[in-house]
Amino acid sequence: MKTRTLLALAASALLGWTAGPALAQESVSLRVAYVQAPDHPHGLGIRRFAELVQQKSANRIEVKTFGSATLGGDVAVLSSLRGGTVDMTVVIPSLLTGMAKEFVLLDLPFLFGSYAEADAVLDGPVGKRLLELLPDKGLIGLGYWDHGFRIVTNSRRAITKVEDFAGLKLRVPQSTIFIETFTALGANAVPMPIPELYSALETRAMDGQENPYAAVEALKLQEVQKFASATNHAYNPLVVVFSKMKWDKLAPADRQILMDAAAEAGAYERKVSREANDKAAESLKAKGLQLNTVGAAELARMREKVGAVNAKYIKEGGEKLAAEMMGEIAKVRGKP
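Note that this is a predicted model, so its numbers are computed, not measured.

1. Considering empty space enclosed by the protein
Line of reasoning, step 1. A complete count under the given rule lists two cavities of 30 Å³ or more for this structure.
Line of reasoning, step 2. Approximately 220 Å³ is the volume attributed to the largest cavity.
Line of reasoning, step 3. In terms of lining, the largest cavity is formed by 21 residues, of which the most central are V35, D74, I92, L95 and I194.
Line of reasoning, step 4. Going through the elements one at a time, α3 (74-83) and β3 (88-91) are the ones with two or more residues in the lining of the largest cavity.
Line of reasoning, step 5. Split into classes, the residues belonging to the lining of the largest cavity amount to 12 nonpolar, six polar and three charged.

In structure tokens form, the structure reads like this:
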């Protein structure tokens, strides 16, 4: 009887071990997918992440990267993460709102006026609280990188006032808040995945789109667009998300390696991304894209036009959390 009991306990212990996280010394292979080109700041950040993981794991963890939407657009890749066939990606907050509605607060139009305001929110309690919503949705949030302030490009006219949006067919992300924002401004907003964008602009199925300068240049949109207007209507962080299905199989030491690498790569990516957006604006101008700023009075009119959109999504995302976010922004604005 004693022998049978010991064998049963040993078998039970073995089963428990095999069902739990892997040992840290085991080799691990990760698949990371993203929609931008490898030389875009997103791709450079992913490359730095892969190098850091390799270094910190003594070459035990291999990171295979798939850029330029080779594994599909953002929505498809997110689905693959939750299904366990892709392990990590970077996405703008609007693509997470279907899983955690609170993320919509980061996409409120004309919310942030500077990088400092955005960083204060993302690196503080609000940003942490948002990431804590993801595990229940099959994802692990590893932090926030940078995509930048979004501007509008089109092939018909410069955007200098609200009325210039009227009738423009603009591609927007597959997100209701972006659709409603540009509808409120007077445009015909059409959600569309990035891989379809260039062709839609080239054939004039779309008049324009909105993205940060670096994305415009990386996608070579200056070849099919004439005007670029610095509306800065939204600031996009990149949310670094990992498959919980894969995460649960990793040893705690390996999870820490990934978190540390994501933080270090994020600091690098933010710097590269912000520098790249400044350089891209000048480069696009040299390539013939006509750039213009939007005056403060007209920006105020645009904010007024989207007031109802803001009110709707503040209520949807959570008024208490929104108030906390606005408080963080106010602190930065109050600094001399």
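The rest of the description comes next.
2. Some thoughts on the packing of helix α2 (residues 41-56) against helix α10 (residues 252-286)
Line of reasoning, step 1. Relative to each other, α2 and α10 sit at 150°, their axes nearing to 8 Å. Viewed along their axes, α2 and α10 adopt a mutual orientation that is roughly antiparallel. Judged by the sense of rotation from one axis to the other, the crossing of α2 with α10 is right-handed. Along the contact surface, α2 presents P41, H42, L44, G45, R48, F49, L52, V53 and K56, while α10 presents I257, L258, D260, A261, A262, E264, A265, Y268, E269, V272, S273 and A276.
Line of reasoning, step 2. Residue classes in the contact of α2 with α10 are distributed as 13 nonpolar, three polar and five charged.

3. Considering helix α12 (residues 307-317)
Line of reasoning, step 1. Among the residues making up α12, those that are buried are V309, N310, Y313 and G317. In an axial view of α12, the angular spread of the buried residues amounts to 95°, which keeps them on one side of the axis. Every exposed residue of α12 that faces more than 90 degrees away from the buried side is listed here: A308 and K315.
Line of reasoning, step 2. Where α12 is buried, its residues meet α6 (176-185).

4. Digging into the sheet that holds strand β5 (residues 151-154)
Line of reasoning, step 1. Spatially, six strands are ordered β7-β6-β8-β5-β9-β11 in an open sheet, and the strand pairing comes out mixed. Each end of this open sheet is capped by a strand with a single partner; those strands are β7 (188-191) and β11 (290-293). Pairs of neighbouring strands in the sheet enclose a mean axial angle of 25°, with direction left out of account.
Line of reasoning, step 2. As judged from the three bridges shared by β5 and strand β9 (residues 227-230), these two strands associate in the antiparallel manner. What sits directly across from V152, in β9, is S229.

5. Thoughts on the packing of aromatic side chains
Line of reasoning, step 1. Tallying each qualifying case throughout the model produces six aromatic pairs.
Line of reasoning, step 2. Both rings, one in F165 and one in F182, keep their centres 5.9 Å apart while their planes meet at 65°; by these two values the pair is edge-to-face. Taken together, the positions of F165 in the loop between β5 and β6 (169-172) and F182 in helix α6 put the pair 17 residues apart, joining distant regions of the chain.
Line of reasoning, step 3. Note on F165: relative accessible area 1%, which makes it buried.
Line of reasoning, step 4. A relative accessible area of 1% means that F182 is categorised as buried.
Line of reasoning, step 5. With a centroid separation of 5.5 Å and an interplanar angle of 70°, the aromatic rings of F242 and W247 are classed as edge-to-face.
Line of reasoning, step 6. Judged by its relative accessible area of 0%, F242 is buried.
Line of reasoning, step 7. With a relative accessible area of 9%, W247 lands in the buried category.
Line of reasoning, step 8. One aromatic cluster is present, formed by F112, Y115, F149 and Y235 through successive ring pairs.
Line of reasoning, step 9. One cation-aromatic arrangement involves R48 over Y268; the distance from NZ or CZ to the ring centre is 3.8 Å.

6. What to know about the pattern of salt bridges
Line of reasoning, step 1. One pass over the full model with this rule turns up 20 salt bridges.
Line of reasoning, step 2. Here E117 and R333 are joined by a salt bridge, their closest N and O atoms 2.8 Å apart. A residue pair is termed long-range when its members are at least 10 positions apart, and E117 in helix α4 (residues 115-122) and R333 in helix α13 (residues 319-333) qualify at 216 residues.
Line of reasoning, step 3. Taking the relative accessible area as the measure of exposure, R333 reaches 52% and is therefore exposed.
Line of reasoning, step 4. The salt bridge partner of D146 is R274, with a shortest N-O separation of 3.0 Å. Highlighted residues: D146 in strand β4 (residues 139-149) and R274 in helix α10, separated in sequence by 128 residues.

Cut-offs and rules
- Each chain has its residues counted from 1, running along the sequence as written.
- At least 70 in pLDDT is required for a residue's local features to be given in this predicted model, at least 80 for side-chain atom pairs to be given and counted, and no such filter applies to totals for whole chains, interfaces and linings, which use all residues.
- Note that the side-chain values use all heavy atoms of the structure and ignore hydrogens as well as water.
- Cavities and pockets are found on a 1 Å grid laid over the protein atoms alone: a cavity is a set of points where a 1.4 Å probe fits but cannot escape, a pocket is an open set with protein on both sides within 12 Å along at least five of seven lines, and a lining residue has an atom within 4 Å of such a point.
- Grid points are joined across faces, edges and corners, and a volume is the space filled by probe spheres set on the points.
- Labels follow the DSSP assignment, with helices taken as runs of H or I lasting at least four residues and strands as runs of E lasting at least two, numbered in each case from the N terminus.
- For this scheme, ten residues count as nonpolar: Ala, Val, Leu, Ile, Met, Phe, Trp, Tyr, Cys and Pro. Four count as charged, namely Asp, Glu, Lys and Arg, and the remainder, Gly too, count as polar.
- Angles shown run from 0 to 180 degrees and are taken between the N-to-C directions of axes, each axis being a line fitted to C-alpha atoms and, for helices, limited to the stretch in contact.
- Oblique is the label for every angle not falling under 35 degrees (roughly parallel), over 145 degrees (roughly antiparallel), or within 65 to 115 degrees (roughly perpendicular).
- Should the near helix be turned counterclockwise from the far one by less than a right angle, the crossing is left-handed, whereas a clockwise turn marks it as right-handed.
- Contacts are residue-level and defined by heavy atoms, with any inter-residue pair within 4.5 Å sufficient.
- The buried label goes to any residue with under 20% of its type's maximum accessible area, the exposed label to any with over 50%, and the partly exposed label to all in between, with areas taken from a 1.4 Å probe on protein chains only.
- In this context, the arc is that of the directions from the helix axis out to the C-beta atoms.
- Two strands qualify as a pair provided that DSSP identifies no fewer than 2 bridges between them.
- Aromatic rings from Phe, Tyr and Trp, taking only the six-membered ring of Trp, are treated as a pair when their centres fall within 6.5 Å; an angle between ring planes under 30 degrees marks them as stacked, one over 60 as edge-to-face, and anything in between as tilted.
- By the criterion adopted, a ring carries a charge over it if an Arg CZ or a Lys NZ lies within 6 Å of its centre and within 35 degrees of its normal.
- The term salt bridge refers to a pairing of a side-chain nitrogen on Lys or Arg with a carboxyl oxygen on Asp or Glu at a separation within 4 Å.

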